[in-house]
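Here are the chains, one letter per residue:
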Amino acid sequence: LASAAGPDGMAARILHRLRHALAGEGGREERACGGSEAEDFPESSELEDDTEGLSTRLSGTLSFTSHEEEEEEEEDGAGDELGEPPQPTGTAAGAEDGGRCWGRCDGRGLGGRGSSTLGGTQAMWGPTAERPGGSLLTRQLQELWKKSRGSLVPQRLLFEVTSASVVSERSSKYVLYTIYLIRSGRFDKAPAAIARRYSDFERLNRRLRCRFSCDMAGIAFPRKRLRRNFTAETIAKRSRAFEQFLSHLHSIAEIRRSPEFLEFFFLQDLQAAQRLTCTGMYREALATWANAYRLQDRLGVCGSGRFLLTLAGLAVCHQELDELCEAHGFCEQALQLLEAQGSHPLLGPFLQAHVHLAWKVGKDKRHSEARLQDLREAGPPLQQQPTLKECLIKEPLE
């Protein structure tokens, strides 16, 4: 295509048709130039005038964000359509600042900082929004993005039964369903998971129907069976039914904010983590506290008292395992949540723990010391207050 500027009429006609395939301002630029000059950035000629194709690219190697949206990570292998090798999980393929186009940095993706040889001419390019001719591709994709934003489904929480196992105990036999909580449109490096049996779902259904009888009237729940409860067909049908049941519950604002619904997900983890912490099994407790943290994060309850207790559990276990930087970080997160509160049962213990850990890891502790002084002047002596670990162990979780 680079030789299209010569006397070869066929090449000129092909280039003319390719230019007409480009949307929007690209056509106006061609008419202004008379169609006689070669394209400065030959990578734009590889795009088809095809909405479906562009959508596929947007969901793969190219990602555009507005000022209100954050850059999100993509899964491996998303760019196979453009001939790119799979990228390691966690590599950001998006762009920041309102739709600047970036590709992979291996020289083969659109918009990447690499080279492309077309007709013997080699062109180098960087972010297409920063080059005069390359802005054509960016504008075209931005227009498609603006048109498609109105039809995008808002981010929501998905419930997926990933496995089901038959458990036999001395006097009972039941199916244990493992459910993942997945945020649509995002890749979660560490999943949030729960394991529940039919009786757990039945208890949740009964409690919610007592409190939200009108909202629950149209929500189906799988019935009990007298036999064939452990066949593959029954387990598969119940798995799908439980997914739909939880999704329907979460779609109703009053229900998804209710203690009955929330405690179904993380109360068991909090109770188990507390028992493990009391018995000194800090490594096992840490994993359980971490899963409870992720569950509350997915459910959007990161400002509740239970979440503060979870942060206390993470800080205590990390400190007991001599992972002081991690413990310090969770104390800081808790204090940020408590910043606007003048008093809270966990404020003093968190401040004392933060000052101690900050001194250990060499971080600034002046703000926490000042807050401690304010507490000392306003209330009982801090020596009479329990430590963070004592608060964690004594907190009733029912």
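Refer to the structure printed above.
Note that this is a predicted model, so its numbers are computed, not measured.

Undergrad: Account for the environment of L295, naming residues and giving values.
TA: Positionally, L295 belongs in helix α10 (residues 282-299). The spatial distance from the C-alpha of L295 to the C-alpha of A193 is 7.3 Å, given a sequence separation of 102 residues. Here L295 is in contact with L181, A192, A193, I194, F265, F266 and D269, once residues within four sequence places are set aside.

Undergrad: Give me the pattern of salt bridges: which residues, what numbers.
TA: Going through the model one piece at a time under the given rule, you end up with twelve salt bridges. Two residues, R211 and E260, come together in a salt bridge whose shortest N-O distance is 2.9 Å. Separated by 49 residues along the polypeptide, R211 in helix α5 (residues 198-211) and E260 in helix α9 (residues 259-278) bring together distant segments of the chain. On the basis of relative accessible area, R211 is assigned to the partly exposed category, the value being 48%. Between D364 and R366 there is a salt bridge, with the nearest N and O atoms lying 3.0 Å from each other. The structure contains a network of salt bridges with shared partners spanning R183, D297 and R298.

Undergrad: Quick one: what's the story with helix α7 (residues 232-250), residue by residue and with numbers?
TA: Side chains of residues three or four places apart in an α-helix project in the same direction, reflecting 3.6 residues per turn. Here α7 is 19 residues long and its end C-alpha atoms lie 27 Å apart, about the 27 Å a rise of 1.5 Å per residue gives. When we look at burial in α7, the residues that qualify are T234, I235, R238, S239, F242, E243, F245, L246, L249 and H250. Those residues of α7 hidden inside the fold are in contact with β3 (157-168), β4 (173-183), α5, α6 (213-216), α8 (253-256) and α9.

Undergrad: If you had to explain helix α14 (residues 366-378) to someone new, which residues and values would you point to?
TA: Under the 1.5 Å per step criterion, the end-to-end length of α14 is 19 Å for 13 residues, consistent within 8% with the ideal 18 Å. For α14, the set of buried residues is S368, R371, L372 and L375. Angular distribution of buried residues about the axis of α14 spans 105°; they occupy a single face of the element. For α14, the exposed residues set more than 90 degrees away from the buried face come down to R366 and E377. The inward-facing, buried residues of α14 contact α12 (324-337) and α13 (347-361).

Undergrad: Could you give an account of unusual backbone geometry, naming the residues involved and the relevant values?
TA: Glycine aside, residues mostly have negative phi angles, and peptide bonds mostly take the trans form. Positive phi is not limited to glycine here, since R228 has a value of about 60°. Along the chain, R228 falls in the loop between α6 and α7. Look at R228 and you get partly exposed, because its relative accessible area is 42%. Positioned with a positive phi, D322 is a non-glycine residue whose angle comes to about 65°. For D322, the position within the fold is in the loop between α11 (305-320) and α12.

Definitions and limits used
- Residues numbered from 1 in each chain as written.
- Predicted model: local features only at pLDDT ≥ 70, side-chain atom pairs only at ≥ 80, totals over all residues.
- Heavy atoms only, no water.
- Helix = DSSP H or I, 4+ residues; strand = E, 2+ residues; numbered from the N terminus.
- Contact = heavy atoms within 4.5 Å.
- Salt bridge = Lys/Arg side-chain N within 4 Å of Asp/Glu carboxyl O.
- Buried < 20%, exposed > 50% of the residue type's maximum accessible area, 1.4 Å probe, protein only.
- Expected span 1.5 Å × (residues − 1).
- Arc of directions from axis to C-beta.

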